[in-house]
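# Breakdown of the fold
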Amino acid sequence: MKNEWRKYLAARAPRYTSYPSALHFDRSVSREDYADRLSAVELYEPLSLYVHVPFCKKLCWYCGCNMRVENDYGRALRYVCALAKEISLVGRRLGGAGRPRSVHFGGGTPNYLLVDEIADILQAIELEFGLTDDSNLAIELDPRLIRDDDISRLATLGFQRMSLGVQDFDREVQLAINRVQSFEMIESAVGEMRRAGINDISFDLLYGLPKQTLASFRDSLEKTIALAPDRVSIFGYAHLPAALPRQRLIDSDSLPGADLRADLAEQADEALIAAGYRRIGFDHYAKPDNALAVADREGRLRRNFQGFTDDLALTTLGFGASAISSVNGLYAQNEKSLTGYYDDLAAGLLPVARGVELTAAETAIAGAIQDLLCKGSANIAPVLAAVSTEEAGQICIRLEALEADGLIYWGGNVVQIDAAARPLSRCVAMALDPYEFPRKSDLKASLARAV
Amino acid sequence: MVEKACTAPARPKSCDLCTVRENSICADLGPREFSQVEKTMARRHVDRGKAIMAEGEPNDSLYVVVDGSFRLSKILEDGRRQVTGFLFPGDFAGVRATGSNAYSAEALEESTVCFFPHKFLEDIAADAPGVKDRLIARGQTEYHKAQDHIVLLGKKTAEERVISFIYLVDKALGVDAGPGKRRVPLPMPRQDIADYLGLRLETLSRTLTALKREGRLDELSRHEVIVPAASERT
């Protein structure tokens with residue numbers, strides 16, 4: 001990567017899985033607002049569903065998700081009942097409208113739940129919202145919790161996409177993040193998935209983890225490539241011990257510095273491209289025949305809360321504690337605490353805690369950021385027209401600086417990211433984001449690094 | 001894409017022979033109106049799998065199903081196909097002329113339709129005000145089908161969704177099958193029923209089996225069911 005771009009690698013930029021990001025949600029959005037939007041969903045509106053399972057068996061020290069370590073399965077059963085209740089409340093609001101086309105189980109650890117419970121949740125979804133044989137079902141799996149016939153049973157339930165949290169294959173690194181899982185364990189999970197006919201397997205890897213070296217990470221990449229997952233996500237670990245107490249368990253001195261982080265990211269990119277993967281957006285990689293790669297080639301790539309996706313549904317309904325829904329310009333996030341979540345549902349209320357209703361300017365910015373991240377270029381005219389004159393001026397100044405450094409080409413209203421600068425897409429997106437500049441100092445601590 | 005039917009239209013020898021006319025189609029027209037409508041109308045055979053209307057293509061005729069059945073479907077924003085309803089004898093499609101059909105209508109079996117070009121219907125409207133409205137007064141249009149669909153999808157158990165669907169088909173196609181029994185043909189594949197009801201094929205099969213076990217279905221075979229007549233239903 002060019003030397004003059006190095007400074008962008010150290011910049012902190014939001015992940016932009018939504019705009020505005022969840023950091024800007026507040027109490028201005030009520031459960032009634034969410035209910036109103038649900039009632040306005042159209043009969044054949046495609047829906048993307050997300051189910052959050054906030055339990056894990058063990059604490060991974062790097063984790064930034066809403067999760068808790070739980071040893072009492074009875075508590076998980078209580079959660080499944082609450083989920084069913086939430087599904088039913090939302091279903092009543094929809095009254096048959098909306099067609100779910102995908103269901104994603106994320107966490108936490110979805111396979112903390114036994115397959116029987118996962119089947120119950122799916123059945124509740126099928127009866128409330130409808131599922132068809134071509135609905136896409138996806139689930140994130142912790143390889144350490146996969147039981148004997150879990151994979152084949154999940155495949156029978158209709159899951160065609162399975163995602164494994166690999167993070168890193170190196171034992172020293174695994175010890176430093178408290179997530180020890182052998183290569184053989186991952187290899188055996190992949191084998192079972194292939195035998196069950198799963199042809200969309202994805203691995204999540206993290207760089208910037210403690211004790212990672214170029215040599216150890218190269219070895220992890222080689223093992224990954226040997227197992228030939230259909231997709232690989234390479235995320236940068238965001239070390240934010242002030243905001244996330246569990247990350248204080250990680251020895252800050254063992255973390256790679258900014259230069260090594262950049263080299264690790266670049267090494268991963270080069271290794272996966274050399275192995276025949278197509279880079280999707282800035283942190284996903286997919287085999288050329290994978291649905292995600294096809295969507296990217298055909299200009300249909302989108303970004304949602306799960307990252308880059310080929311799911312075209314504009315409406316996302318999230319279920320479970322802390323899950324976020326996006327319906328027609330409204331983001332609504334559920335109660336994060338299990339207590340709050342249970343209390344609302346026990347009272348027959350949608351468990352919405354906060355959110356944001358997009359202004360016209362935010363809608364324009366969200367659209368341009370989506371295009372920048374997914375397509376590498378965007379028409380910024382709607383953004384400049386929707387923000388104040390002063391803000392438009394600021395955006396232009398920021399874009400000029402990016403142009404001067406060669407990250408973007410800017411002609412007329414179209415901003416195009418240089419192909420080699422795609423890993424820095426979030427820095428370009430940030431130039432359009434007024435939230436990032438007036439109050440940058442306040443937010444600095446809680447945002448992830450750009451790479 | 002859906003292949004369009006290409007059988008040459010044939011002017012019916014006489015609408016007097018029309019089997020569905022008594023029940024619905026054209027029944028509310030006066031003799032003078034009827035003779036005019038008859039002139040503008042053509043009857044066409046449609047092969048199984050062929051479409052009378054294709055999504056995204058222009059439509060300039062009002063269709064009425066005389067015999068057979070059709071599947072209505074549309075491609076949703078995310079690129080997938082959704083079954084949105086079924087047309088049976090007496091039902092209408094293409095109620096308005098359009099540059100781009102919102103859905104496709106494909107024959108589930110060898111079928112016959114009559115069609116009326118909207119232009120002619122407008123021409124005769126000068127002499128016979130409201131002729132189009134009265135023409136379709138007794139049959140169901142695509143708008144009724146959308147209403148049916150949301151009612152079915154709003155039902156919260158698979159059994160209710162499936163049995164309500166069968167009763168709906170009974171109203172259109174059912175015949176008496178002995179005392180207190182109705183024979184209901186199901187000309188559509190199971191997968192179409194599942195897609196229409198928002199159920200997975202396996203759930204539909206399991207539900208049909210359960211309904212049979214509970215006696216809410218008397219007989220269950222690939223292309224028909226026998227159910228208690230409306231007066232016998234619990």
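Residues numbered from 1 in each chain as written. Chains lettered and ligands numbered in written order. Predicted model: local features only at pLDDT ≥ 70, side-chain atom pairs only at ≥ 80, totals over all residues.

### Concerning the environment of His45 of chain B
Positionally, His45 of chain B belongs in strand β1 (residues 42-46). You can call His45 of chain B partly exposed: it has 18 C-beta atoms within 10 Å. (Helix = DSSP H or I, 4+ residues; strand = E, 2+ residues; numbered from the N terminus. Buried ≥ 20, exposed ≤ 12 C-beta atoms within 10 Å, placed from the backbone.)

### Structural notes on the domain arrangement of chain A
Residue and element names in this part refer to chain A. Along its sequence, chain A is carved into domain 1 (21-317) and domain 2 (360-451). Inter-centroid distance (C-alpha atoms) of domain 1 to domain 2 is 27 Å. In this assembly, 19 residues from domain 1 lie in contact with 15 residues from domain 2. Secondary-structure elements contributing two or more residues to the side of domain 1 that touches domain 2 are α9 (258-274) and β11 (302-304). Counting residues per element, the side of domain 1 that touches domain 2 draws most heavily on α9, at four residues. Here the side of domain 1 that touches domain 2 is built from residues that sort into 10 nonpolar, four polar and five charged. (Domains from an automatic or database assignment. Contact = placed C-beta atoms within 7 Å. Nonpolar A, V, L, I, M, F, W, Y, C, P; charged D, E, K, R; others polar.)

### Notes on unusual backbone geometry
All names here are of chain A. A cis amide bond links Tyr19 to the next residue, Pro20, at an omega of -10°. Note that Pro20 resides in the loop between α1 (6-10) and α2 (31-39). A cis amide bond links Gly107 to the next residue, Gly108, at an omega of 15°. The phi dihedral of Tyr16 is positive, around 50°, even though this residue is not glycine. Locating Tyr16 in the fold gives a position in the loop between α1 and α2. With phi around 45°, Asn328 is a residue other than glycine that occupies positive phi space. With respect to the element layout, Asn328 can be found in the loop between β14 (324-327) and β15 (330-334).

### Notes on the sheet that holds strand β3 (residues 61-67) of chain B
Working definition: the strands of a sheet are paired by backbone hydrogen bonds and lie parallel or antiparallel to each other. Residue and element names in this part refer to chain B. Strand order in the open sheet formed by four strands is β1-β8-β3-β6, and the pairing between neighbours is antiparallel. The strands lining the two open edges of the sheet, one partner per strand, are β1 and β6 (92-93). Both β3 and strand β8 (residues 111-117) contribute to a ladder of six bridges, which runs antiparallel. Bridged to Ser61 within β8 is Pro117. This element, helix α2 (residues 118-125), spans β3 and β8 of the sheet and lies at about 50° to β8. (Pairing = 2+ DSSP bridges. Axes fitted to C-alpha atoms, helices over the stretch in contact; angles between N-to-C directions.)

### Some thoughts on helix α11 (residues 338-346) of chain A
Residues and elements named next belong to chain A. Burial in α11 covers these residues: Leu338, Tyr341, Asp344 and Leu345. Taken end-on, α11 shows its buried residues confined to a sector of 135°, consistent with a single buried face. In α11, the exposed residues that point more than 90 degrees away from the buried face are Thr339 and Ala346. On its buried face, α11 is in contact with α3 (73-94) and β15. (Arc of directions from axis to C-beta.)

### Let's talk about the domain arrangement of chain B
Note on interface size: it is often stated as the accessible area lost on association of the parts. All names here are of chain B. The assigned domain composition of chain B is domain 1 (15-143) and domain 2 (154-232). Here domain 1 and domain 2 have C-alpha centroids that lie 26 Å from each other. Each side of the interface is counted separately: domain 1 has eight residues, and domain 2 has seven residues. In terms of residues, the side of domain 1 that touches domain 2 owes the most to one element, strand β5 (residues 81-87), which gives three residues. Residues of the side of domain 1 that touches domain 2, tallied by class, amount to four nonpolar, two polar and two charged.

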